[in-house]
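Summary of structural features
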Amino acid sequence: MVAMQLHWDIFCRVVDNYGDVGVCWRLARQLAAEHGKRVRLWVDDLNSLQPLCPAIDVSLARQACLGVEILHWTETAAIDRVGEVIIEAFACELPAPYLAAMTQTAPRPCWINLEYLTAESWAEGCHGLASPHPSLPLVKYFFFPGFSAATGGLLREKYWLARLAEEVVLPDLHNGLDISLFCYDTAPVGNLLDLLAESSSEIRLHVAPGKPLAAVTTHLGPGVQWQRGKLSVLPFDFLPQDDYDRLLWRCDINFVRGEDSFVRAQWAGKPFVWQIYPQEEAAHLVKLEAFLARYSGGRNTPAANAAVNLARAWNSEGDLRQAWGDFLAARPEIATYNQLWASRLAENRNLAESLVKFCVTKV
Ligand code: TRH
């Protein structure tokens, strides 16, 4: 008999920024909306989820929102039952009482450790591996999102992406370029602003709050909005997650970071520039190169080289002026390729589908 696995518990500990909770919230919503699962999302920091989902009330220990039950995960939170599938996001460590309750459940629940996204090939070899608990009669499975069919794939909501694609089919009446900026404070934002200010046509730079806006303010001085030549610098308030997706779909070029906005920029099929989450000893640069190798797929065209060189210049060192100029010159070709890249990625099973199929086999 096929296991129903109706009840899913996702545990999310917010380390920093919005990526951990952004991924978990998106996954929870999709499992509920597209797979009919009853999903409980346990989050230790509701204040980080609230900007992505303004409808939630951070004072509540338990609430429902968009088909998902959201639980404030505290040391003292009561464990009333365990799910049939448990997702421990990014090795966040399940609470001991919850683990104990899992050992009392028959059949044993399916326990997944959802890993961070990487394009490195070792992730394909580790995807789906079992890790028996050292002392309890439980097995945890490593689940790797990724860019190939040998991984768990990427988060991609069928209904929502189809709707966004319809929205951008609307006539495009704007002049000049719309660019969104979401990055860490280590990006060469000042250099970029100087280059954009030299533009002979209009550019509207939409700047996310937090680190991106702080970097802009450091370079341009205090202000609410800035005008430099034909460049308008327009800060925006933190948007609900769906509205941020819309912004990426509407902009001509997106600067994105981390994990979730990076994936969304790829579905938007527009030229994008990714800043990877910086790690100690520059470990992130290996991951960046792994992605760039997959993305460019051995092409040695001006467009492929321009996209790769700008990513390198944005993340570490390099001639940003040259890289930006080449990127702009190749923008139409990069846009065409990114549409193709998105449709190739969409041939892989998406992360939620992969999880549902994988877990059924692990009862
Ligand atoms: O916030 P991030 O830097 O998150 C990072 C990465 O996930 C990184 O891998 C992880 O190690 C670290 O967190 C802890 O970037 P990311 O992944 O793009 O997540 C941002 C989320 O915020 C994403 O879901 C999009 C969302 N967002 C909005 O909903 N509205 C907004 O206005 C903006 C700017 C972002």
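Here, every reference points to the structure presented above.
Let me sum up the structure you'll find in this document. (Residues numbered from 1 in each chain as written. Predicted model: local features only at pLDDT ≥ 70, side-chain atom pairs only at ≥ 80, totals over all residues. Heavy atoms only, no water.)

Concerning the pattern of salt bridges
Here the structure, examined in full by the defined rule, presents 21 salt bridges. R40 serves as the salt-bridge partner of D80, at 3.0 Å between the closest nitrogen and oxygen. Of the two residues, D80 sits in the loop between β4 (68-72) and β5 (85-89) while R40 sits in strand β2 (residues 38-43), which places them 40 residues apart along the sequence. Measuring nitrogen to oxygen at the nearest pair gives 3.1 Å for the salt bridge that ties E167 to R246. Taken together, the positions of E167 in helix α5 (residues 158-167) and R246 in helix α8 (residues 241-250) put the pair 79 residues apart, joining distant regions of the chain. Summarising the burial analysis for this pair, E167 and R246 share the class buried. Ionic contacts of the salt-bridge type, sharing partners, join the residues D9, R40, R62, E69 and D80 into one network. (Salt bridge = Lys/Arg side-chain N within 4 Å of Asp/Glu carboxyl O. Helix = DSSP H or I, 4+ residues; strand = E, 2+ residues; numbered from the N terminus. Buried < 20%, exposed > 50% of the residue type's maximum accessible area, 1.4 Å probe, protein only.)

Remarks on the sheet that holds strand β3 (residues 62-65)
Across the sheet, eight strands lie side by side as β3-β4-β2-β1-β5-β6-β8-β7; this open sheet has mixed pairing. With partners counted over all chains shown, the strands left at the sheet margins are β3 and β7 (130-132), one partner each. Looking at each pair of strands side by side, their axes are set apart by 25° on average, direction ignored. Taken together, the three bridges between β7 and strand β8 (residues 139-143) define a ladder with antiparallel strand orientation. By the bridge assignment for β8, S131 is matched with K140. (Pairing = 2+ DSSP bridges. Axes fitted to C-alpha atoms, helices over the stretch in contact; angles between N-to-C directions.)

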